[in-house]
Amino acid sequence: MSGAPLLDISDLRISFKSDTGYMNAVAGVSLSLRPGETVGLVGESGCGKSVTSLSIMRLLPKTAKIEGSIRFEGKDLLGLKESEVRKYRGNDISMIFQEPMSALNPVLRIEDQISEPLRMHRKMSKREMHDRVVELLRSVGIPRPEQIAKEYPHQLSGGMRQRVMIAMAMACEPKLLIADEPTTALDVTVQAQILDLLRQLQAKNNMALLLITHDLGVVAEMCERVIVMYAGKVVEEGDVRSVFRNPQHPYTVGLLNSIPKLTGERERLTPIKGNVPSLANMPVGCRFAPRCPFAKEICRTEHPPLTKVAAGSRVSCWLAEEAVAQ
Ligand SMILES: Nc1ncnc2c1ncn2[C@@H]1O[C@H](COP(=O)(O)OP(=O)(O)O)[C@@H](O)[C@H]1O
Ligand SMILES: [Mg+2]
């Protein structure tokens, strides 16, 4: 471990107000990223990945109660006033989403969309701004950037729109990019191109990347470290190589088994049986116990702590191999 973390989230808890009280979507998540590092945050749909990332951007609705701390370069983001939040959002920290069409404004030309963060965070003349937009479009691999700059989002393909969103996120050269399922809506070829682009930009700018995905295959290709979330909690965390070679949590094993593999002529896929529990009905002990083929008595009554194991990862499971001294 070298250097101070860029982002340091500690014991993050997020609940949403409902008719029957608060429903807990994130239950004590801690994670950190160093400058330039790529970390994958994985888990099935509904595990709390997006809620976690939106809390970093302070984009959750007012009905959300957020506790714990989110430090960026040592400063607690949760304590900032809205005016202070606007100074770092889209500047030091940017985010891209799964569905570019919902994040792009349909009535703004591409040039005006990408200029928005520049207008907000940089003092530039019109000419400088135009040149920067064209340069950004070129850097994300958009052909004929001068012409595309004049078009509207609906005139572009899904892959091109995602490139535009990346260009917009990169406009102020963020230190941290949060990418929430950036390729889920795209077909496989375009997906590979977008991941490749993110990797290039990340290396060129020494930017930290928090890559959120439900696909461990994407993590294997892109990330140094992986954090596996299940039902609002971290169940396993470690460097990608150790977690893939020696997964400790049955949920991680299940996710790994559900990556499509080309074995011989047939594709093998074993999805994990059952569903993520609903917020209103969380199991008392380990949240994965109802779906776990190995669950014992203790798993149903007590939540296992996140402990460091000999395989090098940290895991929250009563059945994991013996813990080693922290
Ligand atoms: N604005 C909201 N109000 C109430 N519940 C929400 C809200 N946003 C998300 N949730 C709930 O929080 C949980 C986690 O959601 P989310 O972070 O979107 O999951 P993921 O991104 O891992 O698929 C889900 O049960 C979801 O229904
Ligand atoms: Mg999500």
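Along every chain, residues carry numbers that run from 1 in the direction the sequence is written. Following the order in which they are written, the chains are lettered starting with A and the ligands numbered starting with 1. Owing to the predicted nature of the model, reporting of local features is limited to residues with pLDDT of at least 70; listing and counting of side-chain atom pairs is limited to 80 or more, with chain, interface and lining totals taken over all residues. Side-chain measures here rest on the full set of heavy atoms in the structure, leaving out hydrogens and waters.

(A) Spatial organisation of the overall build of the protein chain. Secondary structure elements are defined from DSSP: runs of H or I of at least 4 residues count as helices, runs of E of at least 2 residues count as strands, and each element is numbered from the N terminus. Broken down by element type, the protein chain carries twelve helices and 14 strands. This radius of gyration counts C-alpha atoms alone. The globule rule is 2.2 Å times how many residues there are, raised to the power 0.38. Compactness check: the protein chain gives a C-alpha radius of gyration of 21 Å against a globular reference of 20 Å for 326 residues, within 12% of the reference. Over its C-alpha atoms, taken along the principal directions, the protein chain stretches across nearly 65 × 55 × 45 Å. Across the 326 residues of the protein chain, 48% fall into the buried class. Only heavy atoms matter for contacts: two residues are in contact if any of them lie within 4.5 Å across the pair. The contacts in the protein chain between residues at least 6 apart in sequence include a share of 62% that link residues at least 24 apart. Residue exposure (1.4 Å probe, protein chains only): buried if accessible area is under 20% of the type maximum, exposed if over 50%, otherwise partly exposed.

(B) Representation of the side chain of Arg-89. Relative to the helices and strands, Arg-89 resides in the loop between helix 2 (82-88) and strand 6 (93-96). Within 3.5 Å is the distance limit for a polar contact, defined as a pair of N or O atoms, with the added protein rule that one can donate a hydrogen and the other accept it, and that residues adjacent in sequence qualify only through two side-chain atoms. A polar atom in the side chain of Arg-89 sits 2.9 Å from the backbone oxygen of Met-57. With sequence-adjacent residues up to four places away left out, Arg-89 is seen in contact with Met-57, Arg-58, Leu-59, Glu-82 and His-121.

(C) A look at the packing of aromatic side chains. A pair of Phe, Tyr and Trp rings is counted when the ring centres sit within 6.5 Å of each other, with Trp represented by its six-membered ring. The angle between the planes then sorts it: under 30 degrees is stacked, over 60 is edge-to-face, the rest tilted. Across all of its chains, the model carries three aromatic pairs by this definition. Aromatic pair Tyr-251 and Phe-288: ring centres 5.2 Å apart, planes at 65°, arrangement edge-to-face. Pair noted here: Tyr-251 is in helix 11 (residues 250-257) and Phe-288 is in the loop between strand 12 (266-268) and helix 12 (297-301), with a separation of 37 residues, a long-range link. Within the aromatic cluster, the residues linked to one another by ring pairs are Tyr-230, Tyr-251 and Phe-288.

(D) Representation of the side chain of Ser-69 within the structure. Assignment of secondary structure puts Ser-69 in strand 4 (residues 64-72). Assessed through its relative accessible area of 16%, Ser-69 is described here as buried. The contacts of Ser-69, once residues within four sequence positions are left out, are Asp-8, Ile-9, Ser-10, Asp-76 and Leu-78.

(E) Fine view of the confidence of the model for the protein chain. Summary statistics for the protein chain give a mean pLDDT of 92 and a share of 95% for residues scoring 70 or more. The least confident element of the protein chain is strand 12, whose mean pLDDT is 55; the most confident is strand 3 (residues 38-42), at 98. As a per-residue measure, pLDDT reflects the predictor's confidence and takes values from 0 up to 100.

(F) How the structure looks around the sheet that holds strand 5 (residues 75-76). Paired strands are those between which DSSP finds at least two bridges. Taken in spatial order, the four strands line up as 2-1-4-5 in an open sheet, and their pairing is antiparallel. The two strands at the open ends of the sheet, each matched to only one other strand, are strand 2 (21-33) and strand 5. As paired elements, strand 1 (residues 7-18) and strand 4 share eight bridges and run antiparallel to each other. In the strand pairing of strand 4, Phe-16 is matched with Ala-64. Fitting a line to C-alpha atoms yields each axis, with helices limited to the stretch in contact; the angle taken between N-to-C directions then spans 0 to 180 degrees. Along the sheet, helix 1 (residues 49-56) contacts strand 1, strand 2 and strand 4; its crossing angle with strand 1, the most-contacted strand, is approximately 110°.

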